[in-house]
Amino acid sequence: MPFSSLAAPLEVELRPHRPALLRVDSPGDPLSWAGEHREALRAAVTEHGALLVRGLGLRDADRIGAVFARLAGELMTEREAFAPRECLGPGVYTSTPWPANQPMCMHHELSYTLDVPSLMLFACPVAPAEGGATAVADAAEVLDALPASLTERFEREGWLLTRSYNDEIGASLAESFGTEDRAEIERYCRSHAIEFAWRADGSLRTRQRRSAVVRHPVTGRRCWFNQIAFLNEWTLAPEVREYLVDMYGEDGLPFNTLYGDGSPIGVEVVELLNSAYEAHTRREPWQAGDLLLVDNIGTAHSREPFTGERQVLVGMADPHRLADGCPIPEASER
């Protein structure tokens, strides 16, 4: 099989339809190994978009957090989460809770924030019995595969994320903003280009406009970078969408995505986006102890349905404010 030379002396195995793989034999102390190979690993992630490291035997949350920090430095504290998840240590989280029998479709983590994590770190202490892969897809390839008329519209207008915070569905105010204080939440929204309105019942409604296509800050490649499909109402299971619409109304969904001008995005567009992602998906089943590093700007990731117990821990690092990720998209160089 072909091997990458960029990450030398690491032998990175390249395989069709699968993420780049690095097999590690007898690493000794994983923390020391991660520190020794940090630069080569980071270079391989930039080159391939994602790198699966197998053989480190990462099973303990504290050790996983230490390896994450050794590879990435200070880990990010999550803000604007759309679903609650447990924090197991500084910057180390459980994966987003989602029904095991439903997929989490391709997306770029926190692509609706202004300062996005450019590196995602995943570790798998417990692998599922079947399924459950954290699959990846090249964002530049997905952009090229989509109809030009669609991507040009999103590039002109950007995309809108709408959110309704309540005490029943999704992340709470404290889980998303780190506080329940209205004045602090309003200051955060103003400083992060988020429109907000408090409703009579005390719930919060927000809107934020972001760019759908950005240029990778290192490679210069133009990337389809957003969560348009993942957070759209039509990606929800039909029975879940019907329940939420009945409970909260069309305008009260916990989250939804729109064209940048506020027009609804039809189910056919969401299906088209998800089909393009699937055509460019690379997947490898988790094995217990695996480490997966993902370039969050150049590579989308997903979570596939699974059976059995599955535990994947997550870290986010290297916050980056994209030059063309502004709330009012500007024309990108072509």
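Values in this document were obtained by computation on a predicted structure and should not be read as measured data.

Regarding the overall build of the chain
A tally of helices and strands in the chain yields nine helices and 21 strands. In terms of overall size, the chain behaves like a compact globule, its C-alpha atoms giving a radius of gyration of 19 Å where 334 residues would be expected to give roughly 20 Å. Taken along the three principal axes of its C-alpha coordinates, the chain extends 60 × 40 × 35 Å. Within the span of the chain, comprising 334 residues, buried residues form 56% of the whole. Distance between charge centroids for the chain: 3 Å, based on 32 positive and 50 negative side chains.

As for the pairing of strand S16 (residues 255-259)
Most of S16 sits inside the fold, with five of its five residues counted as buried. Examined bridge by bridge, strand S11 (residues 159-165) and S16 share five bridges and lie antiparallel to one another. Residue Arg163 lies in a different strand from S16, and its bridge partner there is Phe255.

Some points on the nonpolar core
Membership of the largest hydrophobic core comes to 48 residues, with the highest contact counts inside it found for Phe82, Phe122, Phe154, Trp224, Ile228, Leu273 and Tyr277. Not counting residues up to four positions away in its chain, the partners in contact with Leu273 are Leu146, Leu150, Trp224, Ile228 and Ala229. Core analysis: the next-biggest nonpolar cluster, separate from the first, contains 30 residues, Val45, Leu56, Leu71 and Val92 among them.

Examining the sheet that holds S16
Spatially, the four strands line up as an open sheet ordered S12-S13-S11-S16, and their pairing is antiparallel. Here the strands that pair on one side only, and so sit at the sheet edges, are strand S12 (195-198) and S16. Averaged over neighbouring strand pairs, the angle between their axes works out to 15 degrees when direction is ignored. In the sheet, S11 pairs with strand S13 (residues 204-210) via seven bridges, with the strands oriented antiparallel. When the sheet's bridge partners are listed, Tyr165 is paired in S13 with Leu204. The strands touched by helix H5 (residues 148-157) are S11, S13 and S16; relative to S16, the strand with the most contacts, the crossing angle is about 100 degrees.

Remarks on the pattern of salt bridges
This model, assessed by the stated rule, comprises 21 salt bridges. The partner of Glu284 in a salt bridge is Arg54, and the shortest N-O contact between them spans 2.9 Å. Remark: Arg54 occurs in strand S4 (residues 50-58) and Glu284 occurs in the loop between strand S17 (281-282) and strand S18 (289-295); sequence separation between them is 230 residues. Both residues of the pair, Glu284 and Arg54, count as buried. The partner of Arg190 in a salt bridge is Glu186, and the shortest N-O contact between them spans 3.7 Å. Highlighted residues: Arg190 and Glu186, both in helix H7 (residues 182-191), separated by four residues, approximately one helical turn. The exposed category is assigned to Arg190, whose relative accessible area is 56%. The network of salt bridges with shared partners includes Arg15, Arg18, Arg54, Glu284 and Asp290.

Considerations on the packing of helix H2 (residues 38-48) against helix H3 (residues 61-72)
Where H2 meets H3, the closest approach of the two axes is 9 Å, and the angle between their N-to-C directions is 80 degrees. With respect to H3, the element H2 is oriented roughly perpendicular. Counting all contacts with H2, which are made through Arg38, Leu41 and Arg42, the residues of H3 involved are Arg70, Leu71 and Ala72.

Some words on the environment of Leu313
As for its position among the elements, Leu313 is in strand S21 (residues 311-321). For Leu313, a relative accessible area of 1% puts it in the buried group. Between the C-alpha atoms of Leu313 and Cys124, which are 189 residues apart in sequence, the distance is 6.4 Å. If sequence neighbours within four positions are ignored, Leu313 has contacts with Ala61, Ile64, Phe68, Leu88, Val92, Tyr93, Thr94, Leu121, Phe122, Ala123 and Pro125.

Some points on the packing of aromatic side chains
Inspection of the entire model under this criterion finds eight aromatic pairs. Consider the rings of Phe82 and Phe255, whose centres lie 5.6 Å apart with planes at 80 degrees: the pair is edge-to-face. Taken together, the residues Phe82 in the loop between H3 and strand S5 (87-89) and Phe255 in strand S16 connect sequence positions 173 residues apart. Each member of the pair, Phe82 together with Phe255, is buried.

Things to note about the sheet that holds strand S7 (residues 104-107)
Taken in spatial order, the four strands of this open sheet run S7-S19-S10-S17, and their pairing is antiparallel. In this open sheet, the two edge strands, each paired with only one partner strand, are S7 and S17.

Details of the pairing of S4
Counting buried residues along S4, seven of its nine residues qualify, which places the element largely inside the surrounding structure. Relative to S4, strand S3 (residues 20-23) is paired through four bridges, and the arrangement is parallel. Across the sheet, residue Arg23 finds its bridge partner in S4, namely Arg54. The pairing of S4 with S18 spans five bridges and is classified as antiparallel. Within the sheet, the bridge partner assigned to Leu52 lies in S18 and is Leu292.

Looking at the environment of Met106
Residue position: Met106 is located in strand S7. Residue class for Met106 comes out buried when judged on its relative accessible area of 4%. For the pair Met106 and Glu304, spaced 198 residues apart in the sequence, the C-alpha separation amounts to 9.7 Å.

Conventions and cut-offs
- Within each chain, residues carry numbers counting from 1 in the order of the written sequence.
- Reporting of local features is limited, given that this is a predicted model, to residues whose pLDDT is at least 70; pairs of side-chain atoms are given and counted only at 80 or more, and all residues count toward the totals for whole chains, interfaces and linings.
- Each side-chain value is worked out from all heavy atoms of the structure, with water and hydrogens disregarded.
- In DSSP terms, a helix is any run of H or I states spanning at least four residues, a strand is any run of E spanning at least two, and both are numbered starting from the N terminus.
- Note on method: radius of gyration uses C-alpha positions; expected globular size equals 2.2 Å times residues raised to 0.38.
- Each residue's exposure class comes from its accessible area (1.4 Å probe, protein chains only) as a fraction of the maximum for that residue type: buried when under 20%, exposed when over 50%, partly exposed otherwise.
- For the charge count, each Lys or Arg is scored as positive and each Asp or Glu as negative, with His and the chain ends excluded.
- Charged groups are reduced to one reference atom each: NZ for lysine, CZ for arginine, CG for aspartic acid, CD for glutamic acid.
- For two strands to pair, DSSP has to find at least two bridges joining them.
- Put simply, buried Ala, Val, Leu, Ile, Met, Phe, Trp, Tyr and Cys residues joined by side-chain atoms within 4.5 Å make one nonpolar core.
- Working rule for contacts: check all heavy atoms of both residues, and any pair within 4.5 Å makes them a contact.
- Note on method: axes are straight lines fitted to C-alpha atoms, helices fitted across the in-contact stretch only, with angles between N-to-C directions ranging 0 to 180 degrees.
- Whenever a carboxyl oxygen of Asp or Glu lies within 4 Å of a side-chain nitrogen of Lys or Arg, that contact is scored as a salt bridge.
- Roughly parallel means an angle under 35 degrees; roughly antiparallel, over 145; roughly perpendicular, 65 to 115; everything else is oblique.
- Only the six-membered ring of Trp is used, alongside the rings of Phe and Tyr, when aromatic pairs are assigned; centres must lie within 6.5 Å, and planes under 30 degrees apart are stacked while those over 60 apart are edge-to-face, with the rest tilted.

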